[in-house]
Amino acid sequence: MSAESMTIAKAVNAGLRRAMEGDDHVLVMGEDVGRLGGVFRVTDGLQKDFGEDRVIDTPLAEGGIIGTAVGLALRGYRPVCEIQFDGFVFPGYDQIVSQVAKMHFRSGGRLRLPIVIRIPYGGSIGAVEHHSESPEAYFAHTPGLKVVTCSNALDAYWMVQQAVALDDPVVFFEPKRRYYEKAEVDPAVDAADVLALESARVTLPGDDVTVAAYGPMVKTCLDAASAAADEGRSIEVVDLRSLSPLELGTVYESVRRTGRLVVVHEAQRTLGIGAEVAARVTEECFYSLEAPVQRVTGYDTPYPPARVEEQYLPDLDRVLDAVDRSLAY
Amino acid sequence: MTTQAEHPASSAAAPADPAGLLPAAEPVAFLDDDGSPAPEHRRGRYREPDLALLREAYSRMVVGRRFDAQATALTKQGRLAVYPSSRGQEACQVGSVLALRPTDWLFPTYRDTMALVTRDIDAVEALTLLRGNWHCGYDPHATRTAPQCTPLATHLPHAAGLAYAARRKGEDTVVMALVGDGGTSEGDFHEALNFAAIFAAPVVFLVQNNQYAISVPLSDQTAAASLADKGIGYGVPGVRVDGNDPVAVLAVLTDAVETARSGAGPVLVEADTYRVEPHTNADDDTRYREHDEVETWKHRDPVDRLDAYLRANDALSDDDVSAAGARAETLVDDLRTRMAGDPDADPRELFAHVFAEPTSQLREQAGWLAAELGET
Ligand SMILES: Cc1ncc(C[n+]2csc(CCOP(=O)(O)OP(=O)(O)O)c2C)c(N)n1
Ligand SMILES: [Mg+2]
């Protein structure tokens, strides 16, 4: 296998395929994941190659999908459950929060649930309601769940395999508006050399302001950084990747150099990931900060109709405005 | 304690369904596939709807189908965000509404825009959700129609609750709640049936079994003999009807609505129909079904069957057909004109509707957006 340029959707597919080849216990289950290959084609071809017993078109019930995955996991299977869209995870929310998250704890560590719950999330795809939400904070707020999100194809490929390999449950958010963006992926790289699932990454080094983001907003921040560079400002972009645990060492190190931080996410502002990042950076880097941490987020409203979603969502200009506010402080 | 001797017939001879909650072996039908009369026994205990109602249904179905085709075309032109067509399901879309009084309530899904138009909801308002300028364009109280629901089956407990409210208040309102075959797998479907039964709520649950939940065929959705079989477990009568037979659909639904109105509690109706178009304009149905299957169902077309039936009863003339066509063209001409421009969606409105009164936090955020919009 040699390096190949692939989309995020294809990279998740390739990562799942490799995980399934490596372990017979890995199952894919969800709505339309088999014959159709998922509404985003992320599981395309898997049922054909691994059979209906390993790639299962389930009845239409998220609680049933997650609940039966728990039972399968108790007997050594490693289910990868697909939730079709962010807004449709909630019929399965009880199973995720009350059962998946707590099973290890309440059994005193005797029961492990190596379940991956994949959720395409975020907006800007022109969809109707419930198809563009960013519910990651609900899950990150729940002890017992690991919550990660990829922003590019390379991470998608490796992170999904790392998530499947983990003995803990992982909620795996995929930035659906970026599904068809490409990057170079080299499957021949030694898995041991790949960045750990829980680590953040400096995606673009810079000196003046740190911008931390994840998932779909990383690309937006990289675009903002290149626009800022044209005006002589140097932005460092950190891709958080893991939202729970939220390992902020990379951010602290960056903020100690730049003295300024902007956090960006599509999700609503109040009690979002940005609030946690701001609180902890304030605790850890207080004497390095030249300005209050700035947040660029969705508004505290339900996700809007498609015609006005671009006014709701953070964009390059809002990121640059926040950078300016930070620099002007 | 009773003994075997006191109840000698216990297991062997007792009917499995003493209360008559299970559907008949075959779906209720009045028409054969070509519109000629079906064998008498297929009608069960149902009365034939009168011709005036069927003529009305015909006209509504012609208008509905034309509306549906126009909505699909508008989607291809980029005027709608998405459109889930109900082509082929006209008998259910129209029958579910014509069975109701204006004071009754309808709980529709994303698939049921044709039913909204049949309810005389303005076509542009009916398409607001799918056009993407707001999440619901019509006034639910004025139209007695809940917002179209997308998270599957989550509206069904609401329908049960609203029907229960009507019973508590001594009103004679009936609620018609629509759901797909896939939606019957969600927990909310089952909770709704149970609550409705316990509360003796006047609600009719109509399952439009169009054979697919996106790509997943009914055989992967349920191991039950039929979806109407799901009623008995909750003490709710289940009826199965040929959903492409408009006469049977109206006969069964008007009866179910009467039952609910009489205080006898909920009814579950499964209408066997077919989704002729892909799930939405974004779907590629060649991945999961054969073209032949679609063609077979087109031979059971509900509009054609009603046309044949009415003509055989001297209840439809060529003039009637042209009149229905003209009504349809008037509606879609108006729709096209009013959908031509970009919709007047104002992002500032986002903050107005989160609560009855915007919070200070929302007012602050509204200010940020206003400043931004003012700048550009
Ligand atoms: C809770 C929930 N899960 C998943 C979806 C995504 N989804 C939209 S339509 C659909 C299939 C629904 O099938 P069915 O109930 O048969 O209705 P139909 O679309 O055929 O009218 C799915 C899975 C959803 N809308 N809501
Ligand atoms: Mg269906």
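Everything numeric here is computed off the predicted structure, so don't read it as measured data.

1. Overview of the domain arrangement of chain B
Item 1. Looking at chain B, the domain boundaries give domain 1 (20–31 + 42–345) and domain 2 (346–376).
Item 2. Computed from C-alpha atoms alone, the centre-to-centre distance between domain 1 of chain B and domain 2 of chain B is 37 Å.

2. Topic: the sheet that holds strand E2 (residues 175–180) of chain B
Residue and element names in this part refer to chain B.
Item 1. Pairing is parallel in the open sheet, where 5 strands are placed in the order E1-E2-E3-E7-E6. Each end of this open sheet is capped by a strand with a single partner; those strands are strand E1 (105–107) and strand E6 (238–242). For this sheet the average axis-to-axis angle between neighbouring strands, irrespective of direction, equals 20°.
Item 2. Examined bridge by bridge, E2 and strand E3 (residues 203–209) share 6 bridges and lie parallel to one another. Each bridged residue has a counterpart across the sheet, and for Gly180 the counterpart in E3 is Gln208.
Item 3. In the packing of helix H3 (residues 90–98) onto the sheet, contacts are made with E1, E2, E3 and strand E7 (267–272), and the angle to E3 comes to roughly 170°.

3. Details of the sheet that holds strand E14 (residues 294–298) of chain A
Hydrogen bonds between backbone atoms are what pair the strands of a sheet, whose relative direction is either parallel or antiparallel.
All names here are of chain A.
Item 1. One open sheet accounts for 5 strands, arranged E9-E11-E10-E13-E14; its pairing is mixed. Of all the strands in the sheet, just strand E9 (201–204) and E14 have a single pairing partner and so form its edges. Strand-to-strand, the axes of this sheet are offset by a mean angle of 25°, without reference to chain direction.
Item 2. Here 3 bridges tie strand E10 (residues 209–213) to strand E13 (residues 261–268), and the two strands are oriented parallel to one another. The partner of Thr210 across the bridge, within E13, is Leu261.

4. Here we look at the site of ligand 1
Item 1. Close to ligand 1 lie 20 residues, the nearest being Phe88(A), Gly180(B), Gly182(B), Gly183(B) and Ala213(B).
Item 2. Flanking ligand 1 are residues from chains A and B.
Item 3. Grouping the constituent residues of the shell around ligand 1 by class yields 8 nonpolar, 7 polar and 5 charged.

5. Considerations on unusual backbone geometry
Residue and element names in this part refer to chain A.
Item 1. In this model, Ser244 is joined to Pro245 through a cis peptide bond whose omega is 0°.
Item 2. Topologically, Pro245 is positioned in the loop between strand E12 (242–244) and helix H9 (249–258).
Item 3. Here Leu271, not a glycine, exhibits a phi torsion of approximately 60°, which is positive.
Item 4. Owing to 13 C-beta atoms within 10 Å, Leu271 belongs among the partly exposed residues under this scheme.

6. Topic: the domain arrangement of chain A
The accessible area lost on association of the parts is a frequent measure of interface size.
Residues and elements named next belong to chain A.
Item 1. Segmentation of chain A into domains returns domain 1 (4–193) and domain 2 (201–327).
Item 2. For domain 1 versus domain 2, the distance between C-alpha centres works out to 26 Å.
Item 3. Contact residues are listed per partner, giving 24 residues for domain 1 and 21 residues for domain 2.
Item 4. When residues of the side of domain 1 that touches domain 2 are traced back to their parent elements, those giving at least two are helix H6 (136–140), strand E6 (146–149) and strand E7 (170–175).

7. Some points on the packing of H3(B) against helix H11 (residues 246–261) of chain B
Residues and elements named next belong to chain B.
Item 1. Contact geometry of H3 with H11 gives a least axis separation of 9 Å together with a crossing angle of 30°. When the interaxial angle is binned, H3 and H11 end up roughly parallel. Crossing of H3 against H11: the hand is right-handed. Here H3 contributes Ala91, Cys92, Gly95, Ser96 and Leu98 to the contact with H11, which in turn contributes Pro246, Val249, Leu250 and Leu253.
Item 2. Grouping the amino acids of the contact of H3 with H11 by side-chain chemistry returns 7 nonpolar, 2 polar and no charged.

8. Side note on helix H7 (residues 153–165) of chain A
All names here are of chain A.
Item 1. Taking 1.5 Å as the rise per residue, H7 with 13 residues should run 18 Å; its terminal C-alpha atoms sit 19 Å apart, in good agreement.
Item 2. The buried count for H7 comes to 12 of 13 residues, which makes it a mostly enclosed element.
Item 3. Turning to H7, its buried residues are Ala153, Leu154, Asp155, Ala156, Tyr157, Trp158, Met159, Val160, Gln161, Gln162, Ala163 and Val164.

Thresholds, definitions, all that
- Residues numbered from 1 in each chain as written.
- Chains lettered and ligands numbered in written order.
- Predicted model: local features only at pLDDT ≥ 70, side-chain atom pairs only at ≥ 80, totals over all residues.
- Domains from an automatic or database assignment.
- Pairing = 2+ DSSP bridges.
- Helix = DSSP H or I, 4+ residues; strand = E, 2+ residues; numbered from the N terminus.
- Axes fitted to C-alpha atoms, helices over the stretch in contact; angles between N-to-C directions.
- Contact = placed C-beta atoms within 7 Å.
- Near = placed C-beta within 6 Å.
- Nonpolar A, V, L, I, M, F, W, Y, C, P; charged D, E, K, R; others polar.
- Buried ≥ 20, exposed ≤ 12 C-beta atoms within 10 Å, placed from the backbone.
- Parallel < 35°, antiparallel > 145°, perpendicular 65-115°, else oblique.
- Left-handed = near helix turned anticlockwise from the far one by under 90°.
- Expected span 1.5 Å × (residues − 1).

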